[in-house]
Amino acid sequence: MKQSPVFLPLVAACCLSPVFAQDKSQETPQDAPPPRSRPLASTAQAIDVAAGDSDNIVNIDVSMLFPDYREPWNAGTPSGGSGTGFMIGKNRFLTNAHVVSNATRIVIRTTNDPAPHPARIVHIAHDCDLAIVEAINGTDFEKLETFQLGDIPKLNTEVSVIGYPIGGERISVTRGVVSRIDFRPYSHTGVDSHLAIQIDAAINPGNSGGPVLQNGMVVGVAFQGYNGRVAQNVGYMIPTPVIKRFLKDIEDGHYDHYVDLAISDFTIENPAQLKALKLTNDGIGVIVADVEPAGSVGTLLKSSDVLLSVDDSPVYNNGLVRVDGELMDMNEVVERKFAGDTVNIKYQRDGEKKEATVTLKRFAPYLTLGEQYNQRPRYVMHAGLVFQPMDKNLMDAHQIRDGTVNYWFDNFLTQKLYKERPEVVILTNVLPDDVNSYLQRSFPAIVDEINGVKIKALADVQEALKKPGDNPDFIVIKLLEKGRPLVLKRSLAAEAQQRIMKNYNIEEDSYLGNE
């Protein structure tokens, strides 16, 4: 979200002033919708706008503030956007997380009532791109009928997409066919993948958060699509299993996020593999390629194990399991569970079959690699030196090209670097001042030690700066893979702090995110 509106290969379908979120894999779907072997029975629902049939589908206008990761003490850049939402409960409107992310003001309107209704976020889940908003004064919506959730639609059946896309201020209805049900990347964070349904109805900016209907029931939420340069009339909706999981998760008033096995796998494709792994040729089992130590099975599975089943659902040798009669990615079994739930794992190691019950938990290290929202950038500024935690927002904002920093970011998960440094801290800037005039070429760089204290999180920086170290008169900062340490005279650094804050209009010299 850094430039003027433009459709990218895979984009979230809200109408924003900045750019729409995109799928970083740049993957291009190649399959066309399946041919219609027989005429489709229309499942579209007639909507009488004048009669108020659509008043439970609202236009959402949002004022936003995009954080400034280059100067994190600043408020950020104001912007705006719009999307769609629909009523699923008393004064509860379901929409996409990307529609209301970084919101400072939210207003909802209906087709028949142009009056703005101030609203607020009740729950937001960035990992599955869903959110619930409510009108601050919900009396005008008390008599509206709520939508009911249906099941996963069948392939080659018709659906209707309803929303407020660009091109007008009135509600819009488009129709299309369900052409694929698959495990797909969600573009909002760029690192989360869940079940998604591909349809050939037009999903344009502003459609995001709108209901996808079949036989009068909600079967999905419109949320992203490809532009015309990549694929024509290809859009995606979030299916009801993902929606129902989100609604179940927030029943206790708190969203606990998705859980994950945190493993990767590859298929078993030839007889030599079967023989080497001592497997029968029954089409069951995938090889565990990698296991994240911080994941749910980090202490159970090992690389080269063969995963046979998840919760008694056999894992086929292409990584699929059968869920609700459909073949889906094996992760779908875990996707429908919650933090603290258990899952039964059957696997084979060195020819011996084993079984275990695993308690599921969130795998947090992957968040470093994804877009983050609704939070202030964290930082510590001392004597003009600016320290910030490494994440994708920061890497994009600073356009960092340092080889060491890029290596740590690119390999943070694959090389398990998070075990050594759960939160990598980067010296991102040196604000020019007499006290640091000889340090201007020291950034960007990963901070290794300050006054002898190993830096494994941003909070360590603030504490280490207070520590006297070997010589209490100096502050010594060691940068990773940089031969010469940075040395500041402690008394001069303290004198310069207020001067630098005044010169650069910095109200707080640190923000650790504890508020």
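Residues numbered from 1 in each chain as written. Predicted model: local features only at pLDDT ≥ 70, side-chain atom pairs only at ≥ 80, totals over all residues. Heavy atoms only, no water.

### What about the overall build of the chain?
Each helix and strand counted, the chain has eight helices and 30 strands in total. Residues counted as buried form 53% of the 515 residues belonging to the chain. In the chain, the proportion of contacts linking residues at least 24 apart, taken out of those at least 6 apart, comes to 64%. Summed over its atoms, the accessible surface of the chain is roughly 23,200 Å², and 47% of this surface lies on carbon and sulfur atoms. (Helix = DSSP H or I, 4+ residues; strand = E, 2+ residues; numbered from the N terminus. Buried < 20%, exposed > 50% of the residue type's maximum accessible area, 1.4 Å probe, protein only. Contact = heavy atoms within 4.5 Å. Areas by Shrake-Rupley, 256 points an atom, 1.4 Å probe, with all protein chains shown as cover.)

### Some words on the environment of Asn 74
With respect to the helices and strands, the residue Asn 74 is situated in the loop between β3 (57-66) and β4 (77-89). Distance in space between the C-alpha atoms of Asn 74 and Asn 505 is 8.7 Å, their sequence separation being 431 residues.

### Considering the pairing of strand β26 (residues 445-450)
β26 sits mainly inside the fold: six of its six residues count as buried. Relative to strand β28 (residues 474-479), β26 is paired through three bridges, and the arrangement is antiparallel. Each bridged residue has a counterpart across the sheet, and for Ile 450 the counterpart in β28 is Ile 477. Here β26 runs beside strand β27 (residues 453-454); their pairing, made up of two bridges, is antiparallel. (Pairing = 2+ DSSP bridges.)

### Topic: the pattern of salt bridges
Counted according to the given criterion, the structure contains 25 salt bridges. With a closest N to O distance of 3.6 Å, Asp 312 and Lys 346 form a salt bridge. Of the two residues, Asp 312 is situated in the loop between β17 (306-310) and β18 (313-314) and Lys 346 in strand β21 (residues 342-349); the sequence distance between them amounts to 34 residues. Ionic contacts of the salt-bridge type, sharing partners, join the residues Glu 420, Arg 421, Asp 448 and Lys 454 into one network. (Salt bridge = Lys/Arg side-chain N within 4 Å of Asp/Glu carboxyl O.)

### Quick word on the pairing of strand β7 (residues 113-125)
Across four bridges, the pairing between strand β6 (residues 103-110) and β7 is antiparallel. What sits directly across from Ile 108, in β7, is His 117. Connecting β6 to the antiparallel partner β7 that follows it, the hairpin turn spans two residues. For β7 and strand β8 (residues 130-135), the ladder comprises six bridges, and the chain directions are antiparallel.

### Things to note about the side chain of Glu 158
Within the element layout of this structure, Glu 158 appears in strand β9 (residues 158-163). One polar contact links Glu 158 to Arg 175, side chain to side chain, over a distance of 3.4 Å. (Polar contact = N/O pair within 3.5 Å; in protein donor to acceptor, adjacent residues only side chain to side chain.)

### Focus on the nonpolar core
Membership of the largest hydrophobic core comes to 65 residues, with the highest contact counts inside it found for Leu 130, Phe 246, Leu 301, Leu 307 and Ile 345. The greatest single-element share of this core, amounting to five residues, is contributed by strand β13 (residues 217-225). Excluding residues that lie within four positions of it along the chain, Leu 130 makes contacts with Leu 94, Thr 95, Asn 96, Ala 97, Ile 124, Ala 125, Val 221, Ile 238, Val 242, Ile 243 and Phe 246. With 34 residues, the next largest nonpolar core counts Ile 450, Ala 464, Leu 486 and Ile 506 among its residues. (Core = buried A, V, L, I, M, F, W, Y, C linked by side-chain atoms within 4.5 Å.)

### Remarks on the packing of aromatic side chains
One pass over the structure, following the stated rule, counts seven aromatic pairs. Summarising the aromatic geometry, the rings of Trp 73 and Tyr 379 are spaced 5.8 Å apart at their centres and angled 70 degrees between planes, so their arrangement reads as edge-to-face. Here Trp 73, found in the loop between β3 and β4, pairs with Tyr 379, found in strand β23 (residues 379-382); they are 306 residues apart in sequence, far enough to count as distant. Taken as a pair, Trp 73 and Tyr 379 share a single burial class, namely buried. By way of ring pairs, the aromatic residues Phe 363, Phe 412 and Tyr 418 are connected into one cluster. The positively charged end of Arg 245 is found above the aromatic ring belonging to Tyr 258, 4.0 Å away from the centroid. Just above the ring of Tyr 511 sits the side chain of Arg 376; from NZ or CZ to the centre is 3.8 Å. (Phe/Tyr/Trp six-rings, centres within 6.5 Å; stacked < 30°, edge-to-face > 60°. Lys NZ or Arg CZ within 6 Å of the ring centre and 35° of its normal.)

### Overview of helix α8 (residues 490-503)
The first and last C-alpha atoms of α8 sit 20 Å apart over 14 residues, in line with the 20 Å expected at 1.5 Å per residue. Considering bend angle alone, the principal kink of α8 is centred on Ala 496 and spans about 35 degrees. Those residues of α8 hidden inside the fold are in contact with β23, α7 (458-466), β28 and β29 (486-489). Backbone geometry just downstream of α8 places Asn 505 in the positive-phi region, at approximately 55 degrees. (Expected span 1.5 Å × (residues − 1). Bend = angle between axes of the 7 residues up to and from the residue.)

### Concerning unusual backbone geometry
Omega for the bond connecting Phe 443 with Pro 444 falls within 30 degrees of zero, at 0 degrees, which places this linkage in the cis form. Position of Pro 444 among the secondary structure elements: in the loop between β25 (425-430) and β26. Of note in this structure, Asn 102 is not a glycine but carries a positive phi near 60 degrees. Locating Asn 102 in the fold gives a position in the loop between α1 (97-100) and β6. Residues other than glycine seldom take positive phi values, yet Ser 304 does so here, at roughly 85 degrees. Position of Ser 304 relative to the elements: it lies in the loop between β16 (286-291) and β17.

### Some points on the side chain of Glu 292
Here Glu 292 is to be found in the loop between β16 and β17. The contacts of Glu 292, once residues within four sequence positions are left out, are Ala 262, Gly 298, Phe 363, Leu 413, Lys 416 and Tyr 418.

### Topic: helix α6 (residues 403-410)
Every buried residue belonging to α6 is among Thr 404, Val 405, Trp 408 and Phe 409, and all of these are buried. Within α6, the buried residues cover an arc of 130 degrees as seen down the axis, which keeps them to one side. In α6, the exposed positions that point more than 90 degrees away from the buried face belong to Gly 403 and Asp 410. Where α6 is buried, its residues touch α5 (392-398), β25 and β26. (Arc of directions from axis to C-beta.)

### Things to note about the confidence of the model for the chain
Do not read the predicted coordinates in detail wherever pLDDT is low. Looking at the chain, the pLDDT average stands at 88 and 88% of residues meet or exceed 70. Throughout residues 1-9 the model reports pLDDT below 50, and contacts reaching past four residues in sequence, or to other chains, amount to 33 contacts. (pLDDT = per-residue confidence, 0-100.)

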